[in-house]
Amino acid sequence: MSAFPADDPVLVTRRQAMDQDIAQGTREADLAAIARRVLPGGGFGNIEGDAIIRAGRAGRVWDVAGREYVDFLLGSGPMLVGHAHPDVTEAVQAQVANGTTFFASNEHGIRLAEEIVSAVPCAEQVRFTSSGTEADAYAMRLARAFRRRDKILKFEGGYHGMSDYGMMSLWPSKPGNFPQAAPDSAGIPANVRDNMLVCPYNDLASAVALIRAHHDELGGVIVEPMQRLVPPAEGFLQGLREITAEFGIPLIFDEVVTGFRLAYGGGQTYYGVTPDLCTLGKVIGGGFPLAAIAGRADIMAHFDRGIVGEAGFTPQIGTLSGNPIAAAAGLATLAILRRPGAYERIFANGRAIREGLERGLRDAGFAVQVPGEPPMFDAIFTANPVTDYRSALAGDAALSKRFNAKLRERGVFKSANKIYISLAHDEADIALAVAAFADAARELREEVG
Ligand SMILES: Cc1ncc(COP(=O)(O)O)c(C=O)c1O
């Protein structure tokens, strides 16, 4: 028998009190005040503003004041199949009752690794972490251990987590000269810049020239196959593949966002280019903390002291790596995505919402680009094509901010710069969003004249 049956009087009273708070709108103000006192910046650092979310189901979320939103944040991407999907909930609940973490290997984690190997072209072997940041940091270290060289080439504006290396030339407000990397955070040791090279995304000629010039110092090249909202130009990823292969430099695709989202096999399947290593996150944890490094067995061998010996070995340890709850959630999520029509539905939802967004803004007279692919995109207020970090930076950020605030007022929840699409978004969600785009754009036009 459960220690706390559903009709436990203490629980019932607590629930009633919470509902009352919500009805009176006091809980939100109280929590916001506590948050401002105990959290730097009044929040978790993840998203601007003070939204406090209480619940999510399918394509919607509710805040603590009871407001309902169509959710295009999706937990920053993991909830591709929607919040609280019954299959994921059931898989997690079944495992919770049997223990939540063991540090030792577990069956769900082994089966998830097997599924990743069968789905992702570059994946011969897999190792788990709890976050994409860790996965990227390990992938770069693994490449350096394999190549026995220190430098990593990344692309300006590429997001590879919050490590010292990941934070180089991630979001410079005043971009500098290529290929000099610059830190986008205080607290990064000055010498990190000596071990990074930076190149404009989608500029294959520059990348090839840099790699040729520095091949003997390079441990690896890391790239988001679709960088933020910017898809790769024709031949860009293929060209990177060819030049890195020529010098035996590991090519790492950061697929934390694109993995299992652009296609079941990720960006490498969608764009048809296979890297040597990739990182995965978000979707593979089904809403729980789990990410992975996957790739060629001879490179992954550097996680195995027995194969490479002490000198080539790089340890990879994490208390919750591959924990059975996250692995069960990930497996259940991937099973949903394997069902016939899943990606067609995600893409159809994305196309409808993207068209509505673009139409709403254009009809109101705004010059916008809506770069991305159907599972993720956003509007950038600029008349010029967006092909890399600097052209995206040229967009009018103040207008975006005002537009996003108006969307929030109209029941659309999103981050500052991305719309994530879910399999669970339905016709009502799409209709609400498209109406909100048009109405918010009209009002913004009235204000800016
Ligand atoms: C492309 C990419 N890589 C890495 C990360 C870091 O993942 P995490 O937030 O799980 O550390 C993110 C996070 O959004 C990402 O978008």
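Right above here is the structure, for reference.
What you see is a predicted model, and the numbers here were worked out from it, not measured in a lab.

Reading the values: rules and limits
Every chain begins its residue count from 1, and numbering advances along the sequence as written. In keeping with the model being predicted, local features are shown solely for residues with a pLDDT of at least 70 and side-chain atom pairs are shown and tallied solely at 80 or more, while totals for entire chains, interfaces and linings include all residues. Side-chain numbers here rest on the full set of heavy atoms in the structure, without hydrogens or water. Summary of the distance rule: residues count as near a molecule or strand when at least one heavy atom falls within 4 Å of that molecule or strand. We define a polar contact as two N or O atoms separated by no more than 3.5 Å, with the added condition that, inside protein, one atom must be a possible hydrogen donor and the other a possible acceptor, whereas residues neighbouring each other in sequence contribute only through side-chain atom pairs. Only the protein chains shown count as cover for residues, and the accessible areas themselves come from Shrake-Rupley with a 1.4 Å probe. Where helices and strands are cited, they refer to DSSP runs of H or I of at least four residues and of E of at least two residues respectively, numbered from the N terminus. A pocket, in this scheme, is an open set of points on a 1 Å grid over the protein atoms alone with protein on both sides within 12 Å along at least 5 of 7 lines, while a cavity is a set where a 1.4 Å probe fits but cannot get out; residues line either one if an atom lies within 4 Å of a point. Grid points are joined across faces, edges and corners, and a volume is the space filled by probe spheres set on the points. Note that Gly is not counted as nonpolar here; it falls among the polar residues with everything else outside the nonpolar set of Ala, Val, Leu, Ile, Met, Phe, Trp, Tyr, Cys and Pro and the charged set of Asp, Glu, Lys and Arg. Note on pairing: DSSP must find at least two bridges between two strands before they are called paired. We call two residues contacting when some pair of their heavy atoms lies within 4.5 Å. By definition, a salt bridge exists where a carboxyl oxygen of Asp or Glu is found within 4 Å of a side-chain nitrogen of Lys or Arg. Partly exposed residues are those whose accessible area sits between 20% and 50% of the maximum for their type, while under 20% is buried and over 50% is exposed, using a 1.4 Å probe and protein chains only. We call Phe, Tyr and Trp rings a pair once their centres come within 6.5 Å, taking the six-membered ring for Trp, and we label the pair stacked below 30 degrees between planes, edge-to-face above 60, and tilted otherwise.

Asker: So what exactly am I meant to see when it comes to the site of the ligand here?
Answerer: Taken together, Ser131, Gly132, Thr133, Asp136, Tyr159, Gly161, Glu224, Arg228, Asp254, Val256, Val257 and Lys282 make up all the residues around the ligand. Take Asp136: an N or O atom from its side chain is 3.4 Å from a nitrogen atom of the ligand. One nitrogen or oxygen atom from the main chain of Tyr159 is found 3.2 Å from a nitrogen atom belonging to the ligand. Computed on the free molecule, the ligand has an accessible area of 390 Å², of which 82% lies beneath the protein chains in the complex. Of the residues forming the shell around the ligand, the biggest block, 3 residues, is contributed by helix α5 (residues 132-147).

Asker: Can you walk me through the layout of surface pockets in this structure?
Answerer: Sizing a probe to match a water molecule and rolling it over the atoms shows the empty space that remains. A volume near 510 Å³ is recorded for the second largest pocket. Lining the second largest pocket are 18 residues, with Phe103, Ser105, Arg127, Phe128 and Ser321 sitting closest to its centre. Within the residue set of the lining of the second largest pocket, elements represented by two or more residues are α4 (107-119) and β4 (125-129). Here the lining of the second largest pocket is composed, by residue class, of 9 nonpolar, 8 polar and 1 charged.

Asker: Honestly, the sheet that holds strand β12 (residues 376-377) in this entry has me stumped. Any pointers?
Answerer: What holds strands together in a sheet is hydrogen bonding between their backbones, with the strands either parallel or antiparallel. Here we have 3 strands laid out as an open sheet, ordered β11-β12-β14, and antiparallel in their pairing. The two strands at the open ends of the sheet, each matched to only one other strand, are β11 (372-373) and β14 (419-420).

Asker: Is there a simple way to explain the sheet that holds strand β13 (residues 412-413) in this structure?
Answerer: If you walk across this open sheet you meet the 4 strands as β1-β2-β3-β13, and the pairing is mixed. Sheet topology places β1 (53-57) and β13 at the edges, where each strand pairs with a single neighbour.

Asker: How should I be thinking about the side chain of Asn404 in this particular structure?
Answerer: Relative to the assigned elements, Asn404 resides in helix α14 (residues 397-409). Among the polar contacts made by the side chain of Asn404, one reaches the side chain of Lys414 at a distance of 2.8 Å. Not counting chain neighbours up to four residues away, the residues in contact with Asn404 comprise Lys414, Ser415 and Ala416.

Asker: Explain the pattern of salt bridges here, please?
Answerer: Where side chains of opposite charge bring their charged atoms close, a pairing between them can arise. Scanning all chains against the criterion turns up 27 salt bridges. Measuring nitrogen to oxygen at the nearest pair gives 2.8 Å for the salt bridge that ties Arg390 to Glu156. Placement of Arg390 in helix α13 (residues 389-393) and of Glu156 in the loop between β5 (151-155) and β6 (196-199) is noted, with a sequence separation of 234 residues between them. Judged by its relative accessible area of 31%, Arg390 falls in the partly exposed class. On the accessibility criterion, Glu156 (5% relative accessible area) is buried. A salt bridge links Lys414 to Asp378; the nearest nitrogen and oxygen atoms lie 2.7 Å apart.

Asker: Just checking my understanding: could you explain the environment of Arg351 for this structure?
Answerer: Along the polypeptide, Arg351 turns up in helix α12 (residues 342-363). Overall, the relative accessible area of 43% leaves Arg351 in the partly exposed class. Counting along the chain gives 221 residues from Arg351 to Ser130, while the straight-line C-alpha distance between them is 32 Å.

Asker: What is the right way to read the packing of aromatic side chains from this model?
Answerer: The way to describe two aromatic rings as a pair is by their centre distance and the angle between their planes. One pass over the structure, following the stated rule, counts 11 aromatic pairs. Their ring planes at 85° and their centres at 6.3 Å tell us that Tyr138 and Phe303 sit as a pair that is edge-to-face. Here Phe303 lies in the loop between α9 (297-300) and α10 (305-312) and Tyr138 lies in helix α5, a separation of 165 residues in the sequence. Overall, the relative accessible area of 14% leaves Tyr138 in the buried class. When its relative accessible area of 6% is taken as the criterion, Phe303 is described as buried. The interplanar angle of 70° and the centroid separation of 5.0 Å between the aromatic rings of Tyr201 and Phe236 together place this pair among those described as edge-to-face. Of this pair, Tyr201 sits in the loop between β6 and α6 (204-214) while Phe236 sits in helix α7 (residues 236-247), placing them 35 residues apart in sequence. A relative accessible area of 1% places Phe236 in the buried class. By the ring-pair criterion, three or more aromatic residues cluster together here, those being Phe155, Tyr201 and Phe236.

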